[in-house]
Amino acid sequence: MQTAVTQKSISRQASYDACLFAIQKAEQLNIDINVSVVDNKGLEMAFLRMENSFIHSIDIAKDKAYTSASFGFPTQQWTTIFKSMPHLEQGFSNRGRLIPFGGGMPIFENGIKIGAIGVSGGTEEEDIICAKYAIEKIGLE
């Protein structure tokens, strides 16, 4: 009988680098963002805020990362889920920290979820672009 479970999680350095890469993409897009990276359990590993980013976007970025880590899929997928199962929207949308729009993405290494990233401050599409760019630049999926 197995008595312990070993889990992989994103490293401190990869988390920090992902934040920097997301900001690099935001600068290219001429937007100001907040970016959070969490481990496989949704606990924050790194956070960066661009000087002129929206203050409300701080918690939104953190909650996008948390939402994506806890469910293991991009936050924008909730829109599709709610359309196909509207009864879930009422219950889930009242849950603290659940963000049902784009900008949160899980981070995988060899098919294993090791963390997630949350970006907030641009449009939904811009936030997704920044998150995807960061994951790609740190060599993960």
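Heads up: the structure comes first, above all this text.
Bear in mind the structure is a predicted one, so any value in this text is a computation, not a measurement.

> Where do I start with the pairing of strand 2 (residues 44–49) in this structure?
The side chains of a regular strand alternate, first on one face of the sheet and then on the other. As judged from the five bridges shared by strand 1 (residues 34–39) and strand 2, these two strands associate in the antiparallel manner. Within the sheet, the bridge partner assigned to V37 lies in strand 2 and is A46.

> What is the right way to read the environment of M50 from this model?
Tracing the chain through its elements places M50 in the loop between strand 2 and helix 2 (56–71). Classification of M50 as buried rests on a relative accessible area of 7%. Residues M50 and I33, 17 residues apart in the sequence, show an inter-C-alpha distance of 5.7 Å. Apart from the residues within four sequence positions on either side, M50 is in contact with I23, A26, E27, I31, D32 and I33.

> Teacher, can you tell me more about the side chain of S53 here?
Relative to the helices and strands, S53 is located in the loop between strand 2 and helix 2. Judged by its relative accessible area of 7%, S53 falls in the buried class. There is a polar contact of 3.2 Å between the side chain of S53 and the side chain of N34. Those residues in contact with S53 that lie beyond four places of it in its chain are D32, I33 and N34.

Thresholds, definitions, all that
Residues numbered from 1 in each chain as written. Predicted model: local features only at pLDDT ≥ 70, side-chain atom pairs only at ≥ 80, totals over all residues. Heavy atoms only, no water. Pairing = 2+ DSSP bridges. Helix = DSSP H or I, 4+ residues; strand = E, 2+ residues; numbered from the N terminus. Buried < 20%, exposed > 50% of the residue type's maximum accessible area, 1.4 Å probe, protein only. Contact = heavy atoms within 4.5 Å. Polar contact = N/O pair within 3.5 Å; in protein donor to acceptor, adjacent residues only side chain to side chain.

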